[in-house]
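Examining the three-dimensional arrangement
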Amino acid sequence: MAHADAHAIHPEPVTGIDNRKLAIWTFIGSECLFFASLIGTYLVYRGRDTKGPFPHAEWTDPATGKLFEPIFEIPLVTFGTAVLLFSSFFVVLALSGAQEGNRRKLLTWLGLTITCGLFFVGMQVYEFTHFVHKGLTLQQNLFGTTFYTLTGFHGTHVTLGVIWLGALMVEAVRGKLTAERALNLEIAALYWHFVDVVWIVIFPVVYLMK
Amino acid sequence: MATSVLGQAGTAAATAHHEQTGLWSWLTTVDHKRIGVMYGASAFLFFLIGGLEALLIRWQLAKPDNNFLSPEAYNQLFTMHGTTMIFLGVMPMSAMFFNYMIPLHIGARDVAFPRLNAFSLWVFLLGGIFLNASFLLGAAPDGGWFGYANLSSKQYSPGLNMDFWAMGLQILGIASLAAGVNFFVTILNMRAPGMKLMRMPMFVWASFITQLLILLSFPVITVALIFLMFDRLFGTNFFTPATGGDPMLWQHLFWIFGHPEVYILILPSFGIISEIMPVFSRKPLFGYSAMVFATAFIAFLGFGVWSHHMFSTGMGPFADTFFSLATMLIAIPTGVKIFNWLGTAWGGSIQMKTPMYFALGFLAMFTMGGISGVMHSAAPADLQQTDSYFVVAHFHYVLFGGAIFALTAGAYYWWPKMFGHMLDEGIGKLHFWLMFIAFNLTFFPMHIVGLHGMPRRVYTYPAGLGFEVWNQIETVGALLLGLSQLVFMWNWWVSARKATPAPADPWGGATLEWAIPSPPQVFNFGEVPTVASREPLWDWRRAAGGKLPEPPRVSGAGIHLPPNSFWPLLAAFGVTFIFISFMLMARFGPWPMIASASLLFLSIFNWAFEPTH
Amino acid sequence: MPVLPFARGVSLRSPWWRRLPLLALLLLVPAVAAAQTYPQSTLIPKGDFADLVDGVFWTTMWWGLLVFVLVEGALLFVIFRYRGRPDDPEPEQVHGNTMAEILWTAIPAVILAMIAVPTVRAIFKTYEQPTGDILKVEVVGHQWWWEFRYPELGLTTANELHVPRGKAVSLKMTTTDVLHSWWSPQFAAKRDVFPNRSTTLWFSARETGNWSGQCAEFCGIQHGRMGFRVIVDEPAEYDRFIGTLRASAAPPVRADSTGLQVTKLGAQAPGVAPDPLLAEGEKLFTNKGCIGCHSLNAAKPVGIGPNLAGIGSRTYLAAGWLENTDANLARWIREPQAVKEGVLMPNLGVTEPEAKALVAYLRSHK
């Protein structure tokens with residue numbers, strides 16, 4: 001009855017999925033509810049505003065007579081979305097590089113992934129600044145409140161992802177992200193895919209739906 | 001054969017595992033058993049604080065138009081009583097058993113992420129201390145444990161009170177979520193050979209489903225609390241009616257979390273009862289698979305009934321019908337559980353030891369709470385009962401008569417395993433009877449005053465409404481209930497002094513924890529056992545012809561254990577300070593936030609690159 | 001001590017367990033409702049809505065009681081029947097029984113269906129607003145008092161809602177600040193009020209009288225003392241009450257030589273000088289600032305504090321819990337914060353003689 005691996009350093013996971021990988025999947029499951037609540041709130045409050053500015057329509061402040069342009073400018077954010085989607089593809093290539101022990105491939109694609117992530121965050125910072133100039137603040141109306149909160153929390157997730165991938169990049173440069181330790185990148189990549197997928201939901205719901 | 005399971009010493013005599021001592025060893029421990037003990041100790045301390053709050057409340061309500069407490073003090077006390085009992089009492093007491101028992105039950109040496117486990121403990125403890133520190137400023141939360149918008153807004157609650165509440169709950173939520181991920185992975189991945197899912201002890205099943213509930217419901221309250229926090233700190237409009245914000249949104253988000261939370265509180269207790277009933281009936285759990293499915297079904301339905309907390313908001317006949325029927329449906333799997341527990345004892349040979357007293361007390365009292373639950377699942381009837389003392393009676397029957405009785409049963413059951421000595425049976429039974437009678441004295445009359453029109457959360461009531469006598473009985477009951485907890489502690493004291501050594505298996509248990517010495521050695525199992533049924537110990541005992549030899553304490557040399565770490569504690573401070581920084585932002589700007597975030601990142605970085613062996 | 005009627009004939013020699021049902025009954029006696037003992041009870045409905053709810057309650061109660069007796073009975077049976085000793089032989093190792101599982105899934109399902117059908121029926125009825133000859137009332141929750149408006153009459157009152165007996169009342173409810181819940185146990189159960197929407201409720205009262213109700217949603221420091229009264233009048237009595245409110249809205253009569261305006265309510269017979277105390281009270285009502293929050297005109301509510309038209313004949317003060325006596329009224333005016341801590345009415349520094357004049361003045365508004 002005594003078992004052979006009684007003294008094994010790492011007992012085999014029963015499910016065959018590494019503990020950390022299973023943990024990140026679990027965490028992602030939990031995060032789904034986090035974003036579902038944020039997106040749900042955005043949808044519930046959509047169109048309930050008593051004052052502008054509005055996402056797709058002009059608005060004249062009856063008190064001051066000032067005209068507010070529609071807030072959204074679709075081309076830029078569409079480009080940002082595309083960049084973020086590509087980064088998901090790049091991180092797959094980076095992972096394959098890590099698993100093959102191909103350092104150049106790993107560094108190239110991981111570098112590109114991080115660049116894309118940084119671009120997306122930069123786009124969002126620009127967008128937020130621009131929108132505030134157009135008169136949409138966090139406090140202005142329900143649209144401002146829900147828009148900044150939802151996209152802001154997504155942006156925070158992207159930022160944390162960039163920091164995480166950045167730390168792995170340092171590892172990779174120092175040659176420590178070997179094929180045996182590719183799992184380190186794999187779990188970060190899982191998170192990164194999740195953040196992208198969330199954006200694929202947010203983008204049409206927030207920017208495209210009229 | 002049996003002895004080989006119970007731990008032969010490793011062949012390599014390199015490093016034997018000795019029990020560590022000293023404060024530092026506790027602060028840096030990653031041992032699930034020590035973490036469990038610390039969860040239990042702090043939870044009991046918070047439980048006593050919450051109980052004291054309840055006694056002050058009861059003292060105020062002992063007579064009409066009383067002014068023992070000011071209305072503001074009363075509101076702070078009832079808010080903190082609810083918040084404390086739920087988040088700092090019952091949940092971490094369950095967490096004590098998760099921590100201590102899950103690895104033992106599934107034959108593992110530790111949890112999947114020992115340092116994350118320590119992190120959960122410290123975040124919980126710091127969050128609890130933070131919440132209670134509000135009393136020192138005279139600004140304890142005062143908006144109810146449910147913190148309904150828009151009373152919780154800056155306009156109507158200008159003090160720091162509700163900031164403490166929102167931040168405190170956020171901190172505690174992080175502890176729960178981290179623990180949720182940890183135990184979820186532990187149960188799926190760390191089971192001993194042969195421990196199939198449908199061979200897991202019922203307690204492990206209940207814990208597993210509880211973690212699922214935590215993982216899926218806590219993010220929702222996190223979001224709701226973020227909204228509240230943003231409204232209060234940054235002037236957003238989530239719950240501001242003037243700009244179109246809707247206080248109903250809070251209620252929906254809160255109860256989408258809040259109802260699963262009820263099952264988070266009670267399912268672990270179901271698990272404990274499912275362990276105790278078979279052992280003290282000397283019969284396997286009746287209808288194991290039905291029990292597993294019933295538990296899963298309760299959890300599933302738990303996500304579809306949140307609006308039964310909102311019948312009085314007038315959601316319309318279709319919503320009321322849906323939520324009424326869904327709520328009634330929950331009575332079916334819950335009934336299945338109660339009948340299966342009865343079926344377990346039926347035809348058994350019931351051993352009336354203290355844990356069994358509490359388990360049977362649980363059955364009797366929880367049944368009553370369940371029945372009153374069905375009574376207010378009927379939306380029209382609930383229009384009279386909601387926010388009245390009838391509801392207060394109901395959930396105390398479920399959470400005190402249910403959860404606290406079960407957790408106490410668990411404490412008596414596992415005490416010998418955890419501390420290596422038996423608790424006194426005589427004092428234990430005195431404890432039970434005192435608690436049982438006092439409990440009913442305190443909470444039964446609440447049904448009556450509730451139906452006779454006494455609302456909840458009132459700091460006083462006028463004379464002449466017929467509430468006086470019942471409230472006096474309740475107060476006497478509450479004092480006795482407090483006394484019963486003193487008897488419990490007296491039992492610890494007497495038993496520790498007497499120190500009757502506990503054998504490995506004092507009760508004739510069926511699960512793996514009883515196969516190893518009491519208390520367990522730091523590595524739990526000298527050799528990882530192989531399991532062939534739901535009651536491995538009973539198999540081995542039968543194979544051995546009735547009694548197993550006392551397992552020896554072994555050196556455990558060669559068994560790899562994760563080293564102690566200081567970073568989880570430091571990271572927990574980082575998390576706590578981040579939320580405190582939100583409150584300091586108006587006064588000190590971003591600097592506290594930057595400092596706390598740096599502390600957190602530093603800790604996580606060091607944690608990530610710390611050698612683990 | 002007199003022997004209770006139903007206790008007669010019970011032999012004290014009968015075994016103790018024979019007397020258990022009687023004991024249980026004795027314990028129940030104080031719990032069984034009597035309107036005099038429990039004026040705010042949900043168990044003594046006095047209106048049709050409450051009857052509807054009461055019907056559902058008793059359905060759940062009887063089924064619940066049956067389940068309670070069966071389950072607790074089975075539990076006691078098991079405990080006494082199957083109690084064993086440590087050295088007893090191992091009992092038969094039964095792992096389960098499919099038939100049993102099916103039965104104890106199905107039987108509760110049937111019982112629940114018995115509860116569900118009347119429940120759903122009642123749910124739909126609770127949302128059916130009465131039509132035809134009805135009285136419309138608007139309820140507005142305030143921290144910590146209730147405003148009642150008769151929109152068809154253009155009249156407003158506070159904390160005491162008068163309705164005629166037997167007439168269907170349709171309530172439309174909202175709040176000016178935080179959430180509250182209007183709970184009138186004898187007539188209409190409860191309904192929450194929200195700042196940005198209106199909720200509804202309805203009832204018609206069967207019995208005249210002065211009934212108490214209370215806020216049931218936690219709403220801040222004085223949630224505990226946010227009561228109200230529902231006063232059910234015979235139709236003639238109700239008309240008289242409405243007459244009082246109407247009178248408060250009528251233009252004041254210019255009085256005599258003092259040059260002070262005396263409202264019609266305080267007016268004397270022509271040619272008789274007004275009571276100087278009343279005149280003093282009226283002056284104070286303005287000078288002390290009462291008028292900033294309180295209106296004495298039922299047609300012109302200020303909406304900050306309760307409308308005081310007809311205050312002289314109200315039964316309670318400070319939202320339905322402090323008896324409306326001269327002493328209480330004076331104390332309430334002089335030190336509101338001591339009477340109801342945290343209430344929005346500030347301490348205006350009214351002296352004792354001033355309070356006396358104010359009380360006299362307010363008393364004259366009936």
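Just so you know, these numbers come straight off a predicted model, no measurement behind them.

1. Comments concerning the nonpolar core
Soluble globular proteins: nonpolar side chains tend toward being buried together. Residue and element names in this part refer to chain C. With 326 residues, the main nonpolar core has Trp182 and Phe203 as its most contacted residues. Look past the residues within four positions of Phe203 in its chain and what remains in contact with it is Asp48, Phe49, Val163, Lys167, Ala168, Val169, Leu171, Trp182, Phe187, Ala188 and Val230. Ranked by size, the runner-up nonpolar core spans 23 residues in total, among them Leu296, Ala318, Leu322 and Tyr361.

2. Let's talk about helix H18 (residues 591-609) of chain B
Residue and element names in this part refer to chain B. Along its 19 residues, H18 runs 27 Å from first to last C-alpha, staying within 8% of the 27 Å computed at 1.5 Å per residue. Buried within H18 are the following residues: Pro592, Met593, Ser596, Leu600, Ser603 and Trp607. Taken end-on, H18 shows its buried residues confined to a sector of 105°, consistent with a single buried face. Every exposed residue of H18 that faces more than 90 degrees away from the buried side is listed here: Trp591 and Ala608. Elements in contact with the buried residues of H18: helix H5 (114-133) and helix H17 (567-588).

3. Let's talk about the confidence of the model for chain A
Residues with a pLDDT of 70 or more make up 95% of chain A, whose mean pLDDT is 92. In the model, residues 1-9 of chain A has pLDDT below 50 throughout and makes 19 contacts with residues more than four positions away in sequence or in other chains.

4. Describing the pattern of salt bridges
Residues and elements named next belong to chain C. Applying the stated criterion across every chain yields a total of 30 salt bridges over all chains. For Glu237, the salt bridge identified is with Arg240, shortest N-O distance 2.9 Å. Placement of both Glu237 and Arg240 in helix H4 (residues 235-249) is noted, with a separation of 3 residues, approximately one turn of the helix. Exposure remark for Glu237: the relative accessible area of 38% places this residue in the partly exposed category. Exposure remark for Arg240: the relative accessible area of 54% places this residue in the exposed category. For Asp326, the salt bridge is made with Arg363, and the minimal N-O distance between the two is 2.5 Å. Of this pair, Asp326 sits in helix H6 (residues 326-334) while Arg363 sits in helix H8 (residues 352-363), and the two are 37 residues apart along the sequence.

5. Re the interface of chain C and chain B
With 88 residues of chain C in contact, the opposing surface of chain B contributes 97 residues. Of the roughly 7,700 Å² buried where chain C meets chain B, counting both sides, 66% is carbon and sulfur surface. When the buried area of chain C at its contact with chain B is split by residue, Tyr82(C), Trp104(C) and Phe218(C) rank highest and sum to 9% of it. On inspection of chain C and its partner chain B, the count reaches 4 salt bridges. The closest approach of N and O atoms between Arg197(C) and Asp246(B), which form a salt bridge, is 2.5 Å.

6. Some details on the pairing of strand E8 (residues 199-204) of chain C
All names here are of chain C. Most of E8 sits inside the fold, with 5 of its 6 residues counted as buried. As paired elements, strand E5 (residues 168-175) and E8 share 6 bridges and run antiparallel to each other. Residue pairing for E8: Leu171 is matched across the bridge by Leu201.

Conventions used here
- Residues numbered from 1 in each chain as written.
- Chains lettered and ligands numbered in written order.
- Predicted model: local features only at pLDDT ≥ 70, side-chain atom pairs only at ≥ 80, totals over all residues.
- Heavy atoms only, no water.
- Core = buried A, V, L, I, M, F, W, Y, C linked by side-chain atoms within 4.5 Å.
- Buried < 20%, exposed > 50% of the residue type's maximum accessible area, 1.4 Å probe, protein only.
- Contact = heavy atoms within 4.5 Å.
- Helix = DSSP H or I, 4+ residues; strand = E, 2+ residues; numbered from the N terminus.
- Expected span 1.5 Å × (residues − 1).
- Arc of directions from axis to C-beta.
- pLDDT = per-residue confidence, 0-100.
- Salt bridge = Lys/Arg side-chain N within 4 Å of Asp/Glu carboxyl O.
- Buried area = accessible area lost by both parts, 1.4 Å probe.
- Pairing = 2+ DSSP bridges.

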